[in-house]
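Architecture at a glance
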Amino acid sequence: MLNGKIAVVTGASRGIGKAIALKLASLGADVAVICASNKDKAEAVVLEARAYGVRAEAFLCDVSDFNAVGDTVKAIKEQLGPVDILVNNAGITRDGLVMSMKEEAFDSVIDINLKGAFNMIRHCTPMLIKKRCGKIVNISSISGIMGNAGQANYSASKAGIIGLTKAVARELAGRNVCCNAIAPGFIETDMTQGMEDSAFAQQIPLKRMGKAEEVAELAAFLVQDISGYITGEVIRIDGGLAI
Ligand code: NAP
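Residues numbered from 1 in each chain as written. Predicted model: local features only at pLDDT ≥ 70, side-chain atom pairs only at ≥ 80, totals over all residues. Heavy atoms only, no water.

**Brief notes about the site of the ligand**
Around the ligand there are 31 residues in total, and S13, S37, N89, Y154 and T189 lie nearest to it. Within the backbone of A36, one N or O atom sits 3.1 Å away from an oxygen atom of the ligand. Here an oxygen atom of the ligand and a backbone polar atom of S37 are 2.7 Å apart. Protein chains shield 95% of the accessible area of the ligand, which is 900 Å² for the free molecule. For the shell around the ligand, the secondary structure elements donating two or more residues are α1 (15-26) and α6 (152-172). Partitioned by chemical class, the residues of the shell around the ligand number 15 nonpolar, 12 polar and 4 charged. (Near = heavy atom within 4 Å. Polar contact = N/O pair within 3.5 Å; in protein donor to acceptor, adjacent residues only side chain to side chain. Areas by Shrake-Rupley, 256 points an atom, 1.4 Å probe, with all protein chains shown as cover. Helix = DSSP H or I, 4+ residues; strand = E, 2+ residues; numbered from the N terminus. Nonpolar A, V, L, I, M, F, W, Y, C, P; charged D, E, K, R; others polar.)

**Regarding the packing of α1 against helix α2 (residues 39-50)**
Orientation of α1 relative to α2, taken along the N-to-C sense of each, is 20°, at an axis distance of 9 Å. By the angle class used here, α1 and α2 are roughly parallel. Two packed elements cross with a definite hand, and for α1 against α2 that hand is right-handed. Contact residues: K18, A21, L22 and A25 in α1; V45, E48 and A49 in α2. Residue classes in the contact of α1 with α2 are distributed as 5 nonpolar, no polar and 2 charged. (Axes fitted to C-alpha atoms, helices over the stretch in contact; angles between N-to-C directions. Parallel < 35°, antiparallel > 145°, perpendicular 65-115°, else oblique. Left-handed = near helix turned anticlockwise from the far one by under 90°. Contact = heavy atoms within 4.5 Å.)

In structure tokens, the structure reads:
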């Protein structure tokens, strides 16, 4: 259980982040729901979370903006208290072949997916260290493990998340802070809408796409005491796609 813990989930207005925020709330954690612009959806997640009897607040923040993240983390500390759990889930895709990819498409994906996770870790870590107990979960992707044609920017950002996870795990282990990554395959969300019948999806050994709730179960495992001896790990949840 996570009673009395304060969890921050980025990209929690919908999809995987929403499922994670609600799962952590169902286990008793107070949750900060961060998203980029979908205030109404974030507020709806907050109401759903509060139904579990926990505190929940929504925050609009572009995770790629270092100073905005600093201000948001400060506001979370003031409104909910010092953070125990950080889930870096916010992410975007801007797919295209590398030979024609615009510089802006590369930069925006790296800035949100990779630098966004760094920004959050950078501003939350002092609180985690002070408590001498904490959990960071970063959402990577099997694209970061295998590489995916048409996703040079996204694959690079998600491979970067794996390096970031391992370095942070080594750096914070002495303070009893664990940092792990989850690498989903094809999960049914807005991001993968219309891809159900793609050639890639048809190669999934378990012959179906994953559900956001299944990723949330794994995230919940990684932020609870039961997984306290796991750090610096990358766990695939992909129906076997990257075997
Ligand atoms: P999604 O449904 O498209 O939701 C994306 C979330 O990220 C939304 O809450 C969005 O907020 C937020 N976001 C986007 N840009 C942001 C920014 N600059 N600052 C703060 N928040 C921002 O995505 P998803 O499918 O649930 O994916 C969640 C994570 O899992 C991503 O990191 C993705 O790369 C990863 N992943 C997904 C899959 C999959 O198959 N779906 C597979 C592997 C990995 P708004 O609602 O305000 O836009």
